Structure formats: structure tokens, C-alpha cells
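# Structure at a glance
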Amino acid sequence: MACSPRLVPRFTEMTRPDRRSVDFEHLYTEFAGPIYTFALRMVGDPDRAADVAQDTFIKAYRKLDTLTDLTAARSWIYRIANNTAIDQIRRHRRVVPMGDEGSGHSQRPDPGPGPEAQVVGRVLDDRVERALLRLKANHRQCLLLSDMEGMSAQQIGDVLGMSHGAVRTLLCRARGEMRRQLAAEGFTR
Amino acid sequence: MTTRRGPHPDELISASLTGDLTHAERGELNHHLAGCEICRETLDAFTVERELVAVMGEVEPPRDLAARVRTGIEAGRQAQRPWWRRGGGLVAAGASLATVAAAALAVVLVSNLPIGPIGQGGSPEPSASATTSGEASVSGEPSASGTPSETPSGAVELEPGQLGYLSLVGEPFTEPRLYFVNDATGASVEAQAPSGPILSAALAPTGEWLAYITQKGESGANEVWALRISDGTTLHLGCSMAAPFTDRLAWSPDGVYFAYTLVADDLGPTSGCPANDREARTTDAWVFETGTLEHYSVTGSGDAFAASFLPGEAPTLLVSHAGETPWSEAVPLGADPSDLERIEGVFMPLVSPDGNRALFWRGTMASEPGGWAWSFSRGGMPYVSGDFRSSGPASPWLGEQLFADLTTPGGAAFAAGLFSWGLDGDLVAFWGGAWNGTPQGGQGTYPDDQGVYVGRIGAGLLTVNSRLANLPRAIDAQDWIVDVTFTADGGDVIVTVGLPSAGIGDPPSSRLLRVPLDGGDVTQLGGDSESKPWDGPAVIGR
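Residues numbered from 1 in each chain as written. Chains lettered and ligands numbered in written order. Predicted model: local features only at pLDDT ≥ 70, side-chain atom pairs only at ≥ 80, totals over all residues.

### Let's talk about the overall build of chain A
When you go through chain A residue by residue, the secondary structure sums to eight helices and zero strands. Secondary structure elements of chain A, listed N to C terminal, follow the sequence α-α-α-α-α-α-α-α. By the burial criterion, 44% of the 189 residues in chain A qualify as buried. Counting only contacts in chain A whose residues sit at least 6 apart along the sequence, the fraction spanning at least 24 positions is 72%. (Helix = DSSP H or I, 4+ residues; strand = E, 2+ residues; numbered from the N terminus. Buried ≥ 20, exposed ≤ 12 C-beta atoms within 10 Å, placed from the backbone. Contact = placed C-beta atoms within 7 Å.)

If you want it as C-alpha cells, here you go:
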């Protein structure tokens with residue numbers, strides 16, 4: 001989730017002959033968890049998320065030679081993961097939120113205390129997840145990269161191929177939409 | 001509490017959460033927040049939202065993810081390659097079949113593209129994707145979309161000797177576009193896009209129609225199509241389980257009939273490939289009539305493959321029957337079949353363009369359980385017939401082995417393979433040979449499934465030295481040979497080379513290479529798309 005500062009030194013310390021396999025192993029070690037998590041939040045299904053993560057790393061392996069700027073590894077792998085997830089979503093046409101989709105969460109009152117007090121726990125996770133999955137894919141990817149991965153607008157722009165300004169606008173819209181979806185899940189703020 | 005008039009700076013509020021504000025923006029926002037309750041609520045809501053997403057936490061990936069990635073990397077060269085054309089012949093094929101069957105049953109389709117009806121005979125509905133090269137919808141496409149010809153000029157129909165090829169471009173899975181391109185004029189016509197790469201193609205002798213076979217996504221099935229080149233009318237002629245010897249397309253000499261092979265299966269009601277009237281996993285020869293646009297089965301034995309047409313005015317289709325000892329028969333279309341001629345031991349004869357000879361297979365065949373997916377289990381070898389005009393009392397079908405220096409110790413031989421004729425009826429090419437025995441000669445690499453072997457019947461049979469030496473320099477070790485077509489003058493072959501894929505999600509891609517038979521430099525055709533294209537196979541105008 002957080003930036004992986006160890007990755008860059010490891011890359012640069014490698015000698016050329018065995019760099020590809022070693023680099024890839026490090027890449028996988030550093031990013032397997034974050035990429036799988038990102039994929040899961042994007043597609044909303046563990047099996048499909050595993051497919052996305054698998055394809056992401058296979059593509060990364062094949063394209064490792066194109067990664068000339070080693071400091072850009074994080075944006076690079078997320079760019080692959082994001083494109084792969086979007087492909088996956090397009091193929092499945094729609095993401096069905098897990099649980100009782102379409103059963104009128106919007107009318108459901110928040111059963112517990114304020115959301116700040118319940119930031120742990122599966123129930124809360126499920127509700128946030130459902131809200132996320134009802135966002136447009138481009139809103140969801142932007143929000144995840146910002147709030148889950150802690151990327152700046154500039155870094156998100158590197159991943160999505162967008163300008164800094166466009167990312168700021170998109171992120172604002174995504175937050176507005178997420179606010180509405182959270183309200184539909186019973187969060188009152 | 002008062003609310004400031006004017007637009008609320010939501011974008012600045014959003015950017016403030018990640019410190020993406022300039023000093024001036026920060027000042028502007030603070031000033032606004034001091035007097036705007038709505039924006040303070042927005043800031044609170046955005047802050048809570050950000051915290052809720054941030055604390056969702058990292059999820060442990062599946063334990064087998066690393067193994068899946070490793071397997072995927074190692075299997076990259078195999079993806080999209082027909083299972084019988086992978087290394088190891090039948091031995092490897094057996095293991096793959098479970099995957100193919102499972103995939104077919106699960107209907108793992110990557111696309112919901114509209115597919116025309118599969119018939120129990122009848123007239124397929126033309127697709128609405130008829131677009132000619134001269135129309136704006138083709139010529140106006142931006143280059144990023146992968147349109148092969150931005151400013152088409154001249155006719156798309158091939159004049160004698162001109163080269164054309166299919167090109168599948170665009171965003172894979174969501175916006176695939178299929179074009180037939182006249183390489184000489186640059187003109188193209190768009191056809192209905194398939195959900196997978198093109199495995200084989202055959203141009204009608206009249207040049208009016210193009211028949212081709214594509215993979216149906218990742219379902220383990222193939223689809224057969226016919227394209228009317230003049231207007232892009234695309235007809236879907238059926239689905240087939242992918243199996244050896246089903247990628248042959250045969251046109252009658254007059255261009256009226258086109259024959260193909262379907263292995264019946266039901267991929268499900270939403271697949272666009274419902275069951276036809278044949279029992280599942282039975283193989284039969286089908287025919288499409290260009291005049292009536294009807295297509296129908298011409299056999300019902302469940303073991304029949306469309307091979308090629310005999311020369312002559314009356315269209316007569318050679319049909320091969322798989323079995324331990326295969327055989328073939330001549331089926332006159334539109335005539336009483338009572339005078340059928342049975343040709344023992346001959347499988348999938350491919351009559352030369354001049355009608356004087358045929359390439360065919362001999363050997364002992366075996367099938368997968370259930371009697372489908374036939375291939376050679378012992379002694380499978382390609383043969384060339386004698387000259388039908390001067391064979392004397394001996395049957396021309398006795399023939400000679402196409403490879404003069406290959407032996408079949410213990411019955412080890414080819415499980416399957418592909419061959420083609422040059423237009424002169426003398427040049428022959430063989431490729432994609434699934435050799436299931438011990439390699440012979442050629443530094444232990446003969447015959448090589450990545451090799452293309454070319455020779456002239458009049459100058460002797462194929463040998464280890466017939467392999468095109470300039471092709472390996474132009475391709476990578478993991479590439480595979482999809483198709484080989486001779487140019488009209490016989491000076492080159494146009495080779496469709498499939499590139500390795502990373503598997504699910506990675507679009508299929510290929511290169512179309514012109515390979516001079518004199519050993520000259522290999523050059524690439526097409527490939528001007530910014531997306532990964534699948535270019536090929538090529539066809540030649542006659």
C-alpha cells in the first residue's frame with residue numbers, strides 16, 4: 001500500500017545478466033499484496049481479482065525490459081494492473097456489488113454509532129466496498145489510487161495517463177460520488 | 001452560520017486532502033471555508049470517505065498466485081496456439097484436451113459480440129457490418145484505432161497476383177475490428193469482428209468471397225465465416241470444436257461452393273454457438289453456396305472432413321473419413337451420390353491448383369474418447385500423389401512420402417500438420433508438423449514444428465535441407481507458424497507468425513512476413529496499427 005522505497009535500490013544493485021528474473025522476483029514480492037488488493041477493490045470478486053493480478057504480473061514479466069526508469073516501477077505496475085482490471089470489467093460488462101445489491105440500501109439507516117467509530121470490522125468494510133463498486137470504474141480507480149495507495153495527483157496521472165489537472169477534477173467528482181454512495185449505505189456525513 | 005455565495009470549491013477541498021494545493025490555493029480555500037458551512041461539511045465528508053477507504057486494508061493474495069504467475073509465464077508461448085499444434089503431438093494433446101473441453105463446457109467467452117445464427121442448414125443472415133473501403137467510416141478512422149488503411153484508394157478486390165490479408169486490430173475484447181486489406185492498393189473492407197485470431201483463410205477462385213476460420217475467444221471452439229469482399233457482407237457459417245484437420249477451407253473451381261468441417265458441440269444458449277442438428281462431438285463436412293447463401297451438411301457419418309475439390313466442371317468434393325485406417329471419397333455436389341469412389345488409406349487430399357497431383361496423409365489414426373479429435377497415432381506422414389495424367393496402371397494414390405529422408409521407427413511420426421500448394425502446382429510447403437517421435441538429423445531438430453519446409457515436386461521431395469533458412473532469423477523461438485501462402489510468382493511465401501501471449505487478457509497478435517525463397521531478407525507486411533494487430537493469413541488473387 002505505501003510506497004516501496006526498498007525496490008529502487010534493489011533494482012539498481014542488480015547486475016545485468018541475471019537482472020530480469022531477480023528484478024521480477026523483487027517486483028512480485030513488493031507488489032503482490034497491493035496489486036491483488038487493488039484488483040479486488042476494482043473488480044469486487046476474489047477469483048477475478050486473482051486473474052487480474054496473475055495477468056498483471058505475467059505482462060509485467062514480459063515487458064520488464066521496457067521499464068527503463070527504475071524509479072517509476074510503482075506507477076508502471078499499477079498502470080498494467082489498472083488496464084488489466086478495466087479490461088476485466090469491460091469483459092464482464094458490470095460489477096455486481098457483493099451482498100444484497102438492489103435491495104434498497106439507500107433506505108437502510110446506519111445501525112451503529114458514527115462511522116469514525118467503526119472503521120474496523122467486516123460489516124463496515126462490506127458497506128464501503130459496496131459503495132466503491134457502485135462508482136464508475138474511472139472514479140473507483142482514481143479514488144483507490146489516492147486514498148488506498150496514497151498516491152499524489154501527479155502519480156495518479158502517471159498511472160492513468162492523465163494530466164495533473166484532469167486527475168484533480170476526476171478525483172473531486174469521484175469523492176462527490178463516493179459521498180453519495182456512502183450516504184446510500186447509511187453513512188450520514 | 002452563513003454560507004458564502006458563489007461556486008463551492010470542491011476541487012480544492014478534494015485536493016487539500018492529499019496536499020495537492022499551491023500556497024495561493026490553500027489561502028483561497030481557507031478563506032472560503034471560514035465563511036461556508038456547506039464546504040466545511042464537504043471537507044468533513046471527504047475526509048471521512050478518505051479514511052474509510054484507507055483503512056480497508058490490504059488483502060492477502062491467494063496462496064497459489066505465485067504459482068499461477070509462474071505457470072502463465074512458462075505457458076505464454078502456448079496461449080492461443082491450437083492445442084494439436086503444440087509440442088509433443090498426441091501426448092501433449094491429451095492433457096490439453098481436458099482444458100479445452102472444460103473451457104468449451106464452461107463457455108468461457110471473452111466477448112458478447114453479436115453472432116449470426118448457426119444453422120441446421122439454411123441461409124445465414126448477413127451481418128450489418130458491411131462497410132466498403134470507400135466509405136467514411138473506414139477512411140475517417142484515426143490511426144490509433146488501428147485501421148489498416150486511412151486513405152484507401154482503388155479496389156479492395158484482388159487482381160490476379162495481388163496479395164490481400166485479414167487484419168484484426170483495435171481494442172481487444174471491447175472494440176475489435178476486422179479488415180480485409182488489399183496490400184497492393186491499400187484499400188480495405190471491414191468485416192464483422194470475431195472474438196479471436198484468424199487461423200486460416202481461402203479466397204474464392206472468382207475473388208468475390210473470402211472464407212476464414214477464427215478462434216472463438218478462449219472457448220476452445222472455432223468459427224467459420226464467409227466475407228463478400230465487394231461490400232463487407234459477413235456470414236457466420238458455424239462453430240466447431242477445435243480439432244486437428246478442421247482448419248482446411250476448400251473452394252470449388254468455379255467459386256460457387258465452399259466446403260469446411262465442423263465438429264458439433266453446444267457451447268450454450270448465449271454463446272452464439274448453439275448445437276446444430278448433429279450429435280455432439282461428431283465431425284461432418286459442410287458446404288456453403290455463394291449463389292443462394294445457404295449452408296448445409298453434405299455428410300452424416302460423424303467422421304467426415306472436407307478435404308478439397310476435384311478439377312472439372314461438375315463440382316466434386318473430396319471428403320475424408322477418419323478411422324484407424326482413414327479413407328476418402330468423391331462426393332459430387334448436386335448429383336446422385338451412388339457412384340462414389342472409395343479411396344483407401346488416403347486422408348485429407350489437397351488437390352493442386354492445376355489438378356494434376358494431390359498432397360494427402362497416410363497412417364493409423366486414433367481419436368480422443370468419444371470418437372472426436374482424430375489425429376495420427378502411428379506412421380502419420382504427408383504424401384504426394386503420382387501425376388493423375390500419367391500414372392499408368394498404378395493408382396496415383398500410392399504416392400510417395402513428401403519427406404524423403406524421414407523415417408518412422410516404431411510408428412513414431414506426425415500426429416498432424418499442414419501443407420499448401422503454390423499456384424503452379426509444383427511448389428509445396430509443409431509446416432506446423434506435430435512430430436511425436438524422436439527428432440532426426442538437423443542437429444536433432446528435424447522435423448521442427450517452427451520450421452517451414454518448401455520445395456518443388458519436380459525437383460525432388462522435401463528433406464531436412466528444405467527448411468527455409470532465412471525465416472528463423474526473423475522470428476523468435478516462442479513464435480509459431482499459423483499459415484503459409486505462396487505468392488503468385490512463387491518467389492516468396494507469406495508466413496503468418498503467431499506471437500507468444502501472456503494468456504487471458506493479453507490480446508492475440510501475429511506478424512505477416514514475406515519470406516523470399518532465394519534466401520533474401522525477410523520483410524514484414526501490415527503491422528502499422530498502434531494496437532497489437534493480428535495480421536494474416538494472406539491470400540493471393542487468381
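Following the structure, the description resumes.
### Notes on the overall build of chain B
Along its length, chain B carries six helices and 27 strands. For chain B, the share of sequence-separated contacts (at least 6 apart) that also reach a separation of at least 24 residues comes to 55%.

### Let's talk about the environment of B:Gly379
Residue and element names in this part refer to chain B. Checked against the element boundaries, glycine 379 lands in strand 18 (residues 372-384). As a C-alpha pair, glycine 379 and phenylalanine 414 span 35 residues in sequence and 7.1 Å in three-dimensional space. Not counting chain neighbours up to four residues away, the residues in contact with glycine 379 comprise Gly363, Thr364, Thr408, Gly411 and Ala413.

### A short note on the interface of chain B and chain A
The extent of an interface is frequently quoted as the accessible surface area lost upon association of the parts. On the side of chain A, 44 residues touch chain B, which itself brings 38 residues to the contact. Residue assignment for the side of chain B that touches chain A shows that the elements contributing at least two residues are helix 1 (10-16), helix 3 (37-54) and helix 4 (65-74) of chain B.

### Describing the confidence of the model for chain B
Residue and element names in this part refer to chain B. Considering every residue of chain B, the mean pLDDT works out to 80; 77% of them sit at 70 or more. For residues 88-122, every residue scores under 50 in pLDDT, and the model assigns this stretch 76 contacts once sequence neighbours within four places are set aside. As a predicted assembly, this complex carries a pTM of 0.61 together with an ipTM value of 0.76. (pLDDT = per-residue confidence, 0-100.)

### Quick look at the nonpolar core
Formed by 123 residues in total, the largest nonpolar core has its most connected members in B:Phe258, B:Ala429 and B:Val452. Not counting residues within four places of it along the chain, the set of residues in contact with B:Phe258 comprises B:Ala204, B:Trp209, B:Ala211, B:Ala226, B:Leu249, B:Trp251, B:Val287 and B:Phe288. Counting 60 residues, the second largest nonpolar core, distinct from the first, contains A:Ala49, A:Ile58, A:Leu145 and B:Leu29. (Core = buried A, V, L, I, M, F, W, Y, C linked by C-beta atoms within 7 Å.)

### Considerations on unusual backbone geometry
Residues and elements named next belong to chain B. For the bond running from tyrosine 446 to proline 447, omega is 0 degrees, close enough to zero to count as cis. Tracing the chain through its elements places proline 447 in the loop between strand 21 (427-431) and strand 22 (452-456). Here the bond from glycine 536 into proline 537 is cis, since omega is -5 degrees, no more than 30 degrees from zero. Locating proline 537 in the fold gives a position in strand 27 (residues 534-540). With a phi angle near 70 degrees, phenylalanine 245 is a residue other than glycine that sits in the positive phi range. Mapped onto the elements of the fold, phenylalanine 245 is located in the loop between strand 7 (233-241) and strand 8 (250-251).

### Quick word on the confidence of the model for chain A
Residue and element names in this part refer to chain A. Model confidence for chain A is summarised by a mean pLDDT of 74, while 69% of its residues fall at 70 or above. Between residues 1-18, whose pLDDT stays under 50, and residues either more than four places distant or in other chains, the model counts 22 contacts. Of the regions scoring below 50 in pLDDT, residues 93-120 engages in 36 contacts with residues more than four places distant in sequence or in other chains.

### Thoughts on the sheet that holds strand 22 of chain B
Residue and element names in this part refer to chain B. Pairing is antiparallel across the open sheet formed by three strands, whose spatial order is 20-21-22. Strand pairing shows two members of the sheet lacking a second neighbour, strand 20 (418-421) and strand 22, which therefore form its edges. Between one strand axis and the next, the sheet turns through 15 degrees on average, direction left out of account. Here five bridges tie strand 21 to strand 22, and the two strands are oriented antiparallel to one another. Across the sheet, the residue bridging to valine 428 is glycine 455, located in strand 22. (Pairing = 2+ DSSP bridges. Axes fitted to C-alpha atoms, helices over the stretch in contact; angles between N-to-C directions.)

### What to know about the environment of A:Ser146
Its place among the elements puts A:Ser146 in helix 6 (residues 137-148). Since 26 C-beta atoms lie within 10 Å of it, A:Ser146 is described here as buried. Once the C-alpha coordinates of A:Ser146 and A:Leu171 are considered, the two residues, 25 residues apart in sequence, prove to be 8.2 Å apart. Residue contacts for A:Ser146: discarding those within four places in its chain leaves A:Met151, A:Ile156, A:Leu171 and B:Thr18.

### Points about the pairing of strand 14 (residues 327-332) of chain B
Residue and element names in this part refer to chain B. Note: strand 13 (residues 316-321) against strand 14, six bridges, orientation antiparallel. Bridge pairing in strand 14 places valine 319 opposite glutamate 329. As judged from the three bridges shared by strand 14 and strand 15 (residues 342-344), these two strands associate in the antiparallel manner. Counted as the bridge partner of glutamate 329 is arginine 342 from strand 15.

### With respect to the sheet that holds strand 10 (residues 283-289) of chain B
Residue and element names in this part refer to chain B. One open sheet holds the four strands; their spatial order is 8-9-10-11, and the pairing between them is antiparallel. Edge positions in the sheet fall to strand 8 and strand 11 (295-297), since each of these pairs with one other strand and no more. In this structure, strand 9 (residues 257-263) lies alongside strand 10, joined through seven bridges in antiparallel fashion. Residue pairing across strands places leucine 262 opposite aspartate 284, the latter belonging to strand 10.

### A closer look at helix 8 (residues 164-184) of chain A
Residues and elements named next belong to chain A. Across its 21 residues, helix 8 extends 30 Å between first and last C-alpha, which sits within 8% of the 30 Å expected from 1.5 Å per residue. Within helix 8 the residues assigned to the buried category are Val167, Arg168, Leu170, Leu171, Cys172, Ala174, Arg175, Met178, Arg179, Gln181 and Leu182. Glycine 186 sits one or two residues past helix 8 and shows a positive phi near 105 degrees. (Expected span 1.5 Å × (residues − 1).)

### Let's talk about helix 3 of chain B
Residues and elements named next belong to chain B. Compared with an ideal rise of 1.5 Å per residue, which puts 18 residues at 26 Å, helix 3 spans 26 Å between its outermost C-alpha atoms and is within 8% of the ideal. Among all positions of helix 3, only Cys39, Thr42, Ala45, Phe46, Glu49, Leu52 and Val53 are buried. One face of helix 3 carries all of its buried residues, which in axial projection span an arc of 145 degrees. In helix 3, the exposed residues that point more than 90 degrees away from the buried face are Glu37 and Asp44. (Arc of directions from axis to C-beta.)

### With respect to the packing of helix 6 of chain A against helix 3 of chain B
Between helix 6 of chain A and helix 3 of chain B, the shortest axis-to-axis distance is 8 Å and the interhelical angle comes to 80 degrees. With respect to their mutual orientation, helix 6 of chain A and helix 3 of chain B come out roughly perpendicular. Contacts between helix 6 of chain A and helix 3 of chain B pair A:Leu143, A:Asp147 and A:Met148 from the former with B:Arg50, B:Val53 and B:Ala54 from the latter. Residue composition of the contact of helix 6 of chain A with helix 3 of chain B, grouped by class: four nonpolar, no polar and two charged. (Parallel < 35°, antiparallel > 145°, perpendicular 65-115°, else oblique. Nonpolar A, V, L, I, M, F, W, Y, C, P; charged D, E, K, R; others polar.)

### Remarks on the packing of helix 8 of chain A against helix 3 of chain B
A pair of packed helices is characterised by two quantities: the angle between their axes and the separation of those axes. One can describe the packing of helix 8 of chain A onto helix 3 of chain B by two numbers: an axis separation of 10 Å at closest approach and a directional angle of 80 degrees. In terms of their interaxial angle, helix 8 of chain A and helix 3 of chain B are classed as roughly perpendicular. Across from A:Arg175, A:Met178, A:Arg179 and A:Leu182 in helix 8 of chain A, the residues of helix 3 of chain B making contact are B:Ala45, B:Phe46 and B:Glu49. Looking at the contact of helix 8 of chain A with helix 3 of chain B residue by residue, the class counts come to four nonpolar, no polar and three charged.

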